[in-house]
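An overview of the molecular structure
Spelled out from the first residue to the last, the chains are:
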Amino acid sequence: MIDLTAYNVKIESAFSLSWEKKTAYARPRNYDALSFRIDGNADYQHGKQNYQVKKHDILFVPAHYDYTLNANKQETVLVIHFFIENSSFDKMDIFSPSNPDIFERLFTELCAICRQKPIGYKARMLSLFYKIAEQIAIQDYNLHLLLNPPKLQSALTFLHKNFTDPETNVASCAKYINTSTVYLRKIFNSSLNISPLKYLNNLRMNYAIDLIKTGYYSIEEVANLSGFYDPKYFSSLYKKKLGILPSIKRKKAFSTSPTS
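In short, a report on the structure. On a predicted model such as this, the values are computed, not experimentally measured, just so you know.

Helices and strands together make up the secondary structure of the chain, namely 9 helices and 9 strands. Taken over C-alpha atoms, the radius of gyration comes to 23 Å for the chain, far larger than the 18 Å a tight globule of 260 residues would show. Oriented by its inertia axes, the alpha-carbon framework of the chain measures out at about 65 × 60 × 35 Å. A burial count over the chain gives 40% of its 260 residues as buried. Taking all contacts inside the chain whose residues are at least 6 apart in sequence as the whole, residues at least 24 apart take part in 73%. Accessible area of the chain: about 15,200 Å², with a carbon and sulfur share of 51%. Distance between charge centroids for the chain: 5 Å, based on 33 positive and 23 negative side chains.

To continue, consider the sheet that holds strand S2 (residues 22-26). The sheet built from 4 strands is open, its strands ordered S2-S7-S4-S5 with antiparallel pairing. One side of each edge strand has no neighbouring strand; the edge strands of this open sheet are S2 and strand S5 (49-53). Mean inter-strand twist for the sheet, computed between neighbouring axes without regard to direction, equals 20°. Where S2 meets strand S7 (residues 67-71), 5 bridges bridge the pair, whose relative direction is antiparallel. Paired with Lys-22 across the two strands is Ala-71, which belongs to S7.

Here we take up the nonpolar core. Counting residues in each nonpolar core, the largest one holds 29 residues, and the members touching the most others are Leu-34, Ile-58, Ile-80, Phe-82, Phe-107, Phe-129 and Ile-132. Elements represented by at least two residues in this core include exactly strand S1 (9-19), strand S3 (32-39), strand S6 (58-61), strand S8 (75-84), helix H1 (100-116) and helix H2 (121-146). Considering every element that reaches this core, the biggest residue donor is H1, with 7 residues. Among residues more than four places away in sequence, those in contact with Phe-129 are Leu-4, Val-9, Ile-11, Leu-34, Ile-80, Phe-82 and Leu-110. Formed by 18 residues, the second largest nonpolar core is a distinct cluster that contains Leu-145, Phe-158, Val-170 and Phe-188.

So, on to the pairing of S6. Burial of the side chains of S6 extends over both faces: Ile-58 and Phe-60 are buried on one face and Leu-59 and Val-61 on the other. Strand direction decides the pairing type here: S3 and S6, joined by 4 bridges, are antiparallel. Looking across to S6, one finds that Phe-36 is bridged to Ile-58. Across 3 bridges, the pairing between S6 and strand S9 (residues 93-95) is antiparallel. Bridging across to S9, Leu-59 finds its partner in Ile-94.

The next subject is the layout of surface pockets. Regions of empty space are outlined by a rolling probe, equal in size to a water molecule, passed over the atoms. Empty space within the largest pocket amounts to approximately 260 Å³. Forming the walls of the largest pocket are 19 residues, and the residues nearest its centre are Leu-17, Trp-19, Arg-29, Tyr-44 and Tyr-67. Sorting the residues of the lining of the largest pocket by element identifies S1, S2, S3, S6, S7 and S8 as the ones contributing at least two each. When the residues that make up the lining of the largest pocket are grouped by side-chain class, the tally is 14 nonpolar, 2 polar and 3 charged.

Moving on, we come to the side chain of Glu-75. The topology assignment puts Glu-75 in strand S8. On the basis of relative accessible area, Glu-75 is assigned to the buried category, the value being 0%. A distance of 2.8 Å separates a polar atom in the side chain of Glu-75 from a polar atom in the side chain of Trp-19.

Glancing now at the pattern of salt bridges. Applying the stated criterion across every chain yields a total of 4 salt bridges. Across the pair Asp-39 and Lys-55 runs a salt bridge, and its minimum N-O distance is 3.6 Å. In this pair, Asp-39 is assigned in strand S3 and Lys-55 in the loop between S5 and S6, connecting sequence segments 16 residues apart. Here Asp-39 falls in the partly exposed class, since its relative accessible area comes to 33%. Of the charged contacts in the structure, one is a salt bridge between Arg-124 and Glu-109, with a shortest N-O distance of 2.3 Å. In this pair, Arg-124 is assigned in helix H2 and Glu-109 in helix H1, connecting sequence segments 15 residues apart. Arg-124 sits in the partly exposed class, given a relative accessible area of 33%.

What counts, and where the lines are drawn
Residues numbered from 1 in each chain as written. Predicted model: local features only at pLDDT ≥ 70, side-chain atom pairs only at ≥ 80, totals over all residues. Heavy atoms only, no water. Helix = DSSP H or I, 4+ residues; strand = E, 2+ residues; numbered from the N terminus. Rg over C-alpha atoms; globule rule 2.2 N^0.38 Å. Buried < 20%, exposed > 50% of the residue type's maximum accessible area, 1.4 Å probe, protein only. Contact = heavy atoms within 4.5 Å. Areas by Shrake-Rupley, 256 points an atom, 1.4 Å probe, with all protein chains shown as cover. Lys, Arg positive; Asp, Glu negative; His and termini not counted. Charge placed at Lys NZ, Arg CZ, Asp CG, Glu CD. Pairing = 2+ DSSP bridges. Axes fitted to C-alpha atoms, helices over the stretch in contact; angles between N-to-C directions. Core = buried A, V, L, I, M, F, W, Y, C linked by side-chain atoms within 4.5 Å. 1 Å grid on protein atoms, 1.4 Å probe; cavity = no way out; pocket = protein on both sides within 12 Å on 5 of 7 lines; lining within 4 Å. Points joined across faces, edges and corners; volume = space filled by probe spheres on them. Nonpolar A, V, L, I, M, F, W, Y, C, P; charged D, E, K, R; others polar. Polar contact = N/O pair within 3.5 Å; in protein donor to acceptor, adjacent residues only side chain to side chain. Salt bridge = Lys/Arg side-chain N within 4 Å of Asp/Glu carboxyl O.

See below:
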């Protein structure tokens, strides 16, 4: 499923739909749609593409996309219509959650808020939408982890929790999960196609980039707060990743004065 947390969206509407067994054609619409199937299952067809959607599945339908729906029995669907900024998706996407109860609760609440429209309802709807997007990302990530070696999940949890500690490295991670550095590198490369050191440095670098944007810290402080021992090493990695020294980036970000 696409990572909806990475996009700016605007909610158009949300509601519950029910229909008997039927075949129907949906014309292209200018908005994207995300639905949660409470009951029923259906086949969708778009040109030569066929999709099967079952009970508790989440279906993403991009804007400007037509399809034929074949409902195999009575269905109840909760659907959100929204606009994705700079949307360019051209196919449906289906996600089968491991914990559908969470999604039924969030979709139901969002539809109720849209219907009742209390004060501040637009902000509340957007908040619920991103909670749905967050749960999709989390459950999708966890489903992929289940297919990987058990020690990989423990290693990832350790790195995400401790990457800002300069003492955290490949050796300390391997020790924590009670394995060798050789095996740790093997499971990272085979499952994630990345070395554990590069994964760790990416965590630190992404955090450092956010710290630089605040303007609160010097480059040395940013390096230390992000888990890098050596500011020079941090600067070289930053330049390799972004093509500019962090000191220059920081200066450019805060050298312009507001215009009237």
